[in-house]
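Per-entry structural report
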Amino acid sequence: MRLLSLPADFTVGTTGLTCASQIKLPHPTITDCSNTQYYVSYNVPDLTGAPSPGPGSTDGVIKNSDGTFTIQTLPAGVTTIWVTYLAVDDCDNASEDITRVDIKDNTPPVPVCDQFSFAGLNDDGLGYVTVESLDDGSWDNCGIDYLQARRMETTSCSITNEWGQKIKFCCEDAGKSFMVQLRVVDKAGNSNTCMVEVRVQDNNPPTLSNCPANITVDCNADLLSLGQYGKPTASDNCSVNQTEEVKDNGFDDCGRGSISRIFTATDNFGNKSTCVQVITVRPTNPFNANNITWPQDHTFPNGCLATGIAPENMPAGKQKPTWATRPCSQIAIEHEDIVFQYVEGFCFKVLRKWTVIDWCQFNPLIPSAGKWTYTQVIKGQNSTAPTITKGCLPSDVKITQVDNCQALIEATATATDDCTQGDKFVWSYVLDVDNNGTKDFTGNTNTVSRTVSFGKHTITWTVTDECGNSKTCANTFEVKDQKKPTPYCLSEITTVIMEEDGTVEIWASDFNAGSYDNCSPNPNLKFSFSSTVTDASKTLRCADMTDNTTKV
């Protein structure tokens, strides 16, 4: 028997969805004088590509109804087999030969891409999308060799659209969407592509470094130039804008409080970072006793207690406390006077206690907190005595007649002084009845009301001012009987003219016939020929006589 020819070496493709190949072997051409049958087996190549030694495998080899053979289940990944044909005739003569079959994968891969993907920029402003992140299960019947991806356009970031294992993005891409390609290549070199929409994001917030620390400043600090208290530095992987907001956290009436400086760094994609500096305003050098200048002591050489010692009437430098203004303080002053009179050789002495309060520090539970006191000593001398303006003249005495030959005398004295007010005078009086040098009545007022007999009397007034200066005056006045005597007269008398000189002296009392007075006893009555008391007698001459009579 002689095997005339075998099929030439040939190539077949993979079968279906697997990398395995189902190879229907062609019928060989056999020349023989008797009936023949043939059989097939196969060997895989060794490392040199030659058929591996040993008998061939018949696994998966089936005979078809037309007498041909099919290899159904070649292992996946086998790309070449050597098929051995064995022909046997009826006489058991056999002949074999071998042919090469190459199995080639001509089926391109099936690319499966994510519909969307995201690329996040890193701290350097760059972002990468790997082929793995774009692939959503691409497959191939014989296996994928590698994946590649590229951008479909270039940008000003100097990024090319070459194929690679990852796609590069930059800051200029942030916030935009790009279509990219994923290429799937199988082990046979077949390839296919799909597209993915990639959204480029910058999710890295900016960085604020050197944020100024919280500080406490004095109340007189300049809060309009806050840059002096520091400022942070903003940085970002792409671009950044830094702003500062000043928030008033509230201040009390003393100016104490705080503000917050809120620094915000914002990039072009809305990412933000913030830091806060709190500036607390407090009096670092609060108002104290050293800020107060107390008024000096003072002695008035001719002062007045009532009108001259008010603070506004004091000389400069001695009126009231002054102080150096300090921020975060509310200063109030008050004073209280303790007055002494006629002490230490002075008309008056005043202990003026000054109190200075800083209401921003004052605490009623802590007496020394925000409160300072000082006692100013004010003294005064005055040697000017008062002036008695009423009471020293007889006309200043009111006299009213009463029964029993007496009269009611009433008098009120007044005075003026350079310092002392009228109600502050100290008065006294002495009443000398009958003006005989005795102190019949005394009093400590400036008013006298007393019933006295007729005659001369003296009131001595004494007034003393608040400085102990005194003035005295004496008022001597007469209380007269206002009721006239009752006269009883003889109608005529008879007398003889003297022979020696032709005259005769007659007395008014010669005509008294029992005259009397309600108060004066008869021996004290005086008689006169006229209202002039001294006109008590007359001398008559002969020439004064008419018919031996004369009227007087």
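Residues numbered from 1 in each chain as written. Predicted model: local features only at pLDDT ≥ 70, side-chain atom pairs only at ≥ 80, totals over all residues. Heavy atoms only, no water.

1. Details of the overall build of the protein chain
Just so we agree on the cut-off: Segments assigned H or I by DSSP are reported as helices when at least four residues long, segments assigned E as strands when at least two residues long, and all are numbered from the N terminus. For this measure, only C-alpha atoms enter the radius of gyration; the expected value for a globule follows 2.2 Å times N^0.38, where N is the number of residues. Throughout, exposure labels follow a simple rule: accessible area from a 1.4 Å probe, protein chains only, divided by the maximum for the residue type, with under 20% read as buried, over 50% as exposed, and the rest as partly exposed. The contact criterion used is simple: two residues touch if any of their non-hydrogen atoms lie within 4.5 Å.
Looking only at helices and strands, one finds one helix and 38 strands in the protein chain. Here the protein chain has a C-alpha radius of gyration of 74 Å; the compact-globule value for 552 residues is 24 Å, and the former is much larger. Evaluated residue by residue, the protein chain yields a buried proportion of 36% over its 552 residues. Within the protein chain, residue pairs in contact and separated by at least 24 positions form 60% of the contacts whose partners lie at least 6 positions apart.

2. Digging into the sheet that holds strand 36 (residues 470-479)
In plain terms, the rule: Two strands qualify as a pair provided DSSP detects at least 2 bridges between them. Geometry is summarised by axes, namely lines fitted to C-alpha atoms with helices restricted to the contacting stretch, and by angles between N-to-C directions that run from 0 to 180 degrees.
Taken in spatial order, the four strands make up an open sheet running 33-32-35-36, and their pairing is antiparallel. Looking at the sheet topology across the chains shown, the edges are occupied by strand 33 (441-443) and strand 36. Adjacent strand axes in the sheet meet at a mean angle of 15° when their direction is disregarded. Here strand 32 (residues 426-432) pairs with strand 35 (residues 455-464) via seven bridges, running antiparallel. Residue pairing for strand 35: Ser428 is matched across the bridge by Thr462.

3. Examining the pairing of strand 26 (residues 346-358)
Along strand 26, 11 of the 13 residues are buried, which leaves the element largely enclosed by surrounding structure. In this antiparallel pair of consecutive strands, strand 25 (residues 331-343) and strand 26, the connection spans two residues, and Glu344 shows a positive phi of 55°.

4. Re the nonpolar core
Our working rule: By convention a nonpolar core is built from buried Ala, Val, Leu, Ile, Met, Phe, Trp, Tyr and Cys residues, the set being connected through side-chain atoms within 4.5 Å.
Grouped together as the largest cluster of nonpolar side chains are 21 residues, with contacts concentrated most on Ile409, Trp427, Ile459, Trp461 and Val479. Of all elements in the fold, only strand 30 (406-412), strand 32, strand 34 (447-453), strand 35 and strand 36 reach the threshold of two or more residues within this core. Those residues in contact with Trp427 that sit more than four places away from it in its chain are Ile388, Ala413, Thr414, Ala415, Gly443, Asn444, Thr445, Asn446, Trp461, Thr462 and Val463. Ranked by size, the runner-up nonpolar core spans 19 residues in total, among them Cys113, Ala119, Ala149 and Cys194.

5. Describing the sheet that holds strand 25
Across a sheet, paired strands are connected by hydrogen bonds in the backbone, their directions being either parallel or antiparallel. One open sheet holds the four strands; their spatial order is 23-27-26-25, and the pairing between them is mixed. Because the sheet does not close on itself, it has two edges, and the strands there are strand 23 (298-300) and strand 25. For this sheet the average axis-to-axis angle between neighbouring strands, irrespective of direction, equals 20°.

6. Overview of a nonpolar patch on the surface
Using the following cut-off: Within the patch definition used here, like charges are joined within 9 Å and nonpolar side chains (Val, Leu, Ile, Met, Phe, Trp, Tyr) within 5 Å, considering only residues with over 30% relative accessible area and no salt bridge. In these tables, accessible area is a Shrake-Rupley quantity obtained with a 1.4 Å probe, and a residue counts as shielded only by the protein chains included in the view. Salt bridges are counted wherever a side-chain nitrogen of Lys or Arg sits within 4 Å of a carboxyl oxygen of Asp or Glu.
Among the surface-exposed residues, Met152, Met179 and Met195 lie close enough to one another that they form a single nonpolar patch of about 260 Å² accessible area. Secondary-structure assignment places Met152 in the loop between strand 12 (144-151) and strand 13 (166-170). Relative accessible area serves as the criterion here: at 38%, Met152 is assigned to the partly exposed category.

7. Brief notes about the state of the cysteines
One covalent bond between the sulfur atoms of two cysteine residues makes up a disulfide. As a reminder, the rule being used: We call a pair of cysteine sulfur atoms a disulfide whenever their separation is within 2.5 Å.
Within this structure, the stated rule accounts for seven disulfides. Residue pairing for Cys171: its cysteine sulfur links by disulfide to Cys238, the two sulfurs lying 1.8 Å apart. Judged by the sign of its S-S torsion, about -85°, the bond between Cys171 and Cys238 is left-handed. Here the residue Cys171 occupies a position in the loop between strand 13 and strand 14 (177-186), and Cys238 occupies one in the loop between strand 18 (233-235) and strand 19 (241-251), the gap between them amounting to 67 residues. Accessibility expressed as a relative area gives 23% for Cys238, which makes it partly exposed. The disulfide partner of Cys219 is Cys328, and the gap between their sulfur atoms is 1.8 Å. Measuring the twist about the S-S bond at about -95°, one finds the Cys219-Cys328 disulfide to be left-handed. Within this pair, whereas Cys219 is found in the loop between strand 17 (215-217) and strand 18, its partner Cys328 is found in the loop between strand 24 (322-323) and strand 25, the two being separated by 109 residues in sequence.

8. Quick look at unusual backbone geometry
Within the chain, Asp92 stands out as a residue other than glycine whose phi angle is a positive 65°. Tracing the backbone through its elements, the reader meets Asp92 in the loop between strand 8 (80-89) and strand 9 (94-104). For Asp434, which is not glycine, the phi torsion reads 70° and is therefore positive. Positionally, Asp434 belongs in the loop between strand 32 and strand 33. Since its relative accessible area comes to 42%, Asp434 is described here as partly exposed.

9. What about the pairing of strand 25?
Bridge count for strand 25 against strand 26 is 12 bridges, and the pairing is antiparallel. Of the residues in strand 26, the one forming a bridge with Ile333 is Val356.

10. Details of the side chain of Thr420
By the element assignment, Thr420 lies in the loop between strand 31 (414-416) and strand 32. On the accessibility criterion, Thr420 (4% relative accessible area) is buried.

11. Overview of the packing of aromatic side chains
As a reminder, the rule being used: We call Phe, Tyr and Trp rings a pair once their centres come within 6.5 Å, taking the six-membered ring for Trp, and we label the pair stacked below 30 degrees between planes, edge-to-face above 60, and tilted otherwise. Charge over a ring is defined by NZ of Lys or CZ of Arg lying within 6 Å of the ring centre and within 35 degrees of the ring normal.
Inspection of the entire model under this criterion finds 10 aromatic pairs. On the numbers, 5.4 Å between centres and 65° between planes, the contact of Phe287 with Trp372 is edge-to-face. Residue Phe287 is located in the loop between strand 21 (272-281) and strand 22 (292-293), and its partner Trp372 is located in strand 27 (residues 371-380); the two are separated by 85 residues in the primary sequence. For the pair Phe287 and Trp372, one class covers both residues: buried. Considering the side-chain rings of Trp427 and Trp461, the 6.3 Å spacing of their centres and the 90° angle between planes classify their relative orientation as edge-to-face. With Trp427 in strand 32 and Trp461 in strand 35, this residue pair connects regions lying 34 residues apart in the sequence. The exposure class assigned to Trp461 is buried, which follows from its relative accessible area of 0%. Connected via pairs of aromatic rings, a cluster forms that spans Phe425, Trp427, Tyr429 and Trp461. Stacked on the ring of Phe178, the Lys or Arg Arg151 has its end atom at 4.7 Å from the ring centre. Just above the ring of Tyr128 sits the side chain of Lys166; from NZ or CZ to the centre is 4.4 Å.

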